[in-house]
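Geometric and topological summary
In case you want the letters, here they are:
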Amino acid sequence: MGKFISFDDIKKSLEKKETDCRTIVQYYLTNIQTKAHLNAFVEVYEHSALVQADLVDQKLAKGNAGKLAGMVIGIKDVLCYTGHEANASSKILKGFESQFTTTAIQRLLDEDAIIIGRLNCDEFGMGSSNENSAHGKVLNAADESRVPGGSSGGSAVAVQANLCTVSLGTDTGGSVRQPAAFTGVIGMKPTYSRVSRWGLIAYASSFDCIGVFSRTVKDNAVVMEIMAGHDEYDSTSSRKSVLPYSELLHFEKKAKIAYLKETIESPALQPEIKANTLAVLEKLKSEGHEVKEVDFPLLDYILPTYYILTTAEASSNLSRFDGVKYGYRTSNAHNLESMYKLTRSEGFGEEVKRRIMLGTFVLSASYHDAYFTKAQKVRRLIKDFTENLLDEFDYIIMPTTPSTAFKFGEHSGDPVAMYLEDLFTVQASVSGVPSISLPNGKDEQGMPIGLQVICNSFKEAELYAFSNYLTELTS
């Protein structure tokens with residue numbers, strides 16, 4: 001990987017005057033150029049990143065630099081950053097320039113982080129393979145014939161290939177954790193409402209979370225503690241106080257840990273992933289932790305519930321992209337109605353159109369109660385079951401994904417097979433609880449395996465501490 005593997009490495013080099021922020025940015029710019037074929041970045045902010053680096057260097061010289069001085073961050077192409085394009089990797093937003101900055105990004109900038117560019121993703125965050133992007137697919141650096149996962153595939157590969165210190169992604173049903181597992185990095189989805197969604201181009205508003213990719217737990221924690229907290233621009237953001245997660249990584253207690261029988265015994269689970277997950281559970285037992293198998297009878301209902309609700313919300317959210325106010329507008333229209341139809345038909349990709357149509361169907365008058373209302377009730381059952389389990393246990397452990405990264409095109413003709421890639425990640429999303437994916441070895445082909453840990457709402461500090469302990473235990 002070379003130098004600058006973690007933010008601690010960067011801080012030590014800066015303190016010893018061995019480097020400066022401009023040199024760090026140039027190091028990452030060189031890496032981005034060398035590995036441009038991976039297609040992780042859709043735009044590199046070379047000029048603005050170097051200008052920002054010079055400003056931070058001046059602050060460091062004066063001794064008044066922020067907590068993230070020297071950290072270089074890539075942002076998913078659904079996050080707004082003033083004066084820069086944001087098009088959700090979709091033709092329909094081509095040329096759209098952000099008029100404001102996402103609150104989460106602004107808080108990082110206020111602590112002197114440097115934004116180096118925007119990262120490729122599945123269009124509007126809809127996908128599990130990063131094959132649904134107007135900018136083309138992202139390649140997995142571990143095996144370039146395989147997908148990086150999605151929708152935050154570019155964000156995962158940017159950290160995997162050392163193109164930035166950390167990156168921001170978004171997680172609606174596993175879009176941070178699944179690509180983290182496929183690329184062998186750490187991916188964190190916080191509690192819903194922990195991080196403001198202001199400036200995030202919405203897919204499904206009651207599920208979307210801004211998450212973090214990193215190579216170390218500490219780097220992840222320090223970014224999260226700065227982004228988190230109430231925001232007056234987002235009425236759904238929580239007012240609960242934010243702990244200094246990066247300073248609370250020491251873990252000493254004996255934990256109560258549950259693992260879900262249905263995930264370990266799932267016929268979809270790859271044998272190496274099952275073996276590696278059970279090996280971690282055995283190691284935890286040998287360390288004196290209480291590890292117990294529990295039943296989760298609602299597993300079969302999670303995916304249908306998730307896709308009914310998220311497609312319904314997507315249908316509503318994406319109705320604003322009509323060619324009138326901003327973004328792409330068809331040149332083939334002959335009246336207002338054809339302008340709407342052709343703009344959306346030409347501007348949206350196939351997967352986005354599929355989800356809009358499904359969402360419109362479940363919201364229609366004839367089917368609203370049969371599908372949408374029923375799914376909301378099942379969501380409550382899943383949430384209550386999960387929270388009751390987390391009242392009894394400190395953590396739930398399960399595989400992040402049923403398989404390792406698959407080959408490009410393997411599931412392209414079968415949307416249901418693609419949706420099954422989210423089988424183990426959607427529980428935390430439907431329940432709104434925090435969840436993290438940690439590297440957990442590799443399969444016989446050398447592809448990374450992910451281990452997922454879930455805990456109760458707003459217990460990010462405990463989740464980070466246990467994750468830090470787990471990475472040391474299994475390394």
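Use the structure listed above.
The structure contained in this document is the topic of the report that follows. (Residues numbered from 1 in each chain as written. Predicted model: local features only at pLDDT ≥ 70, side-chain atom pairs only at ≥ 80, totals over all residues. Heavy atoms only, no water.)

**A word on the sheet that holds strand E5 (residues 186–189)**
Going by this rule: In short, DSSP must find at least two bridges between two strands for them to pair. Helix and strand definitions follow DSSP, with helices as H or I runs of at least four residues and strands as E runs of at least two, each counted in order from the N terminus. As a rule, the C-alpha atoms of each element are fitted with a line to give its axis, helices using only the stretch in contact, and angles between N-to-C directions run from 0 to 180 degrees. Residue contacts are counted whenever heavy atoms from the two residues lie within 4.5 Å of one another.
Spatially, the 11 strands line up as an open sheet ordered E1-E3-E2-E4-E6-E5-E10-E11-E9-E7-E8, and their pairing is mixed. The strands lining the two open edges of the sheet, one partner per strand, are strand E1 (41–44) and strand E8 (290–294). When the angles between neighbouring strand axes are averaged without regard to direction, this sheet yields 30 degrees. Here strand E9 (residues 395–399) pairs with strand E11 (residues 448–454) via 4 bridges, running antiparallel. Each residue of the ladder has a partner; that of Ile 397, found in E11, is Val 453. In this fold helix H2 (residues 21–34) packs onto E1, strand E2 (72–76) and strand E3 (114–119), with an angle of close to 15 degrees to the strand it touches most, E3. Contacting strand E7 (256–260), E8, E9 and E11, helix H13 (residues 368–392) runs over the sheet at an angle of about 120 degrees to E9.

**Remarks on the pairing of E2**
Put simply, the rule is: Any residue under 20% of the maximum accessible area for its type is buried, any over 50% is exposed, and the rest in between are partly exposed; the area is computed with a 1.4 Å probe on protein chains only. When the strands point away from the viewer and the connection leading from the first strand across the helix to the second strand turns clockwise, the crossover is called right-handed.
Burial analysis of E2 places 5 of its 5 residues in the buried class, which makes it a mostly covered element. Side-chain alternation along E2 places Val 72, Gly 74 and Lys 76 on one buried face and Ile 73 and Ile 75 on a second face that is also buried. For E2 and E3, the ladder comprises 5 bridges, and the chain directions are parallel. Note that in E3 the partner of Gly 74 across the bridge is Gly 117. What joins E2 to E3 is helix H4 (residues 103–110), and the crossover it makes is right-handed. Two elements, E2 and strand E4 (residues 166–171), share 3 bridges in a ladder whose sense is parallel.

**Some remarks on a nonpolar patch on the surface**
Cut-off, in case you're wondering: Each patch is built from salt-bridge-free residues with over 30% relative accessible area, joining like charges within 9 Å and nonpolar side chains (Val, Leu, Ile, Met, Phe, Trp, Tyr) within 5 Å. Shrake-Rupley sampling with a 1.4 Å probe provides the accessible areas, and residues are treated as covered by the protein chains on show and by no other component. Any Lys or Arg side-chain nitrogen located within 4 Å of an Asp or Glu carboxyl oxygen qualifies as a salt bridge.
A cluster of nonpolar side chains, Leu 358, Phe 361, Tyr 367 and Tyr 371, forms an exposed patch at the surface whose accessible area comes to about 340 Å². As for its position among the elements, Tyr 367 is in the loop between helix H12 (350–363) and H13. Given the relative accessible area of 35%, Tyr 367 is considered partly exposed.

**Let's talk about the layout of surface pockets**
This is how it is decided: Here the term cavity refers to a set of points on a 1 Å grid, laid over the protein atoms alone, in which a 1.4 Å probe fits but cannot get out; the term pocket refers to an open set having protein on both sides within 12 Å along at least five of seven lines, with lining residues being those that place an atom within 4 Å of a point. Grid points are joined across faces, edges and corners, and a volume is the space filled by probe spheres set on the points. Gly is placed with the polar residues, together with every amino acid not listed as nonpolar (Ala, Val, Leu, Ile, Met, Phe, Trp, Tyr, Cys and Pro) or charged (Asp, Glu, Lys and Arg).
By volume, the largest pocket is sized at about 380 Å³. Lining of the largest pocket is provided by 17 residues; of these, Phe 100, Leu 200, Ile 201, Ala 202 and Arg 320 occupy positions nearest its centre. Classifying every residue of the lining of the largest pocket by side-chain character gives 11 nonpolar, 3 polar and 3 charged. Counted as a void, the second largest pocket has a volume near 270 Å³. If you go around the second largest pocket, you meet 13 residues; those closest to its centre are Leu 14, Glu 15, Lys 17, Leu 60 and Ala 61. Secondary-structure elements contributing two or more residues to the lining of the second largest pocket are helix H1 (7–15) and helix H3 (46–62).

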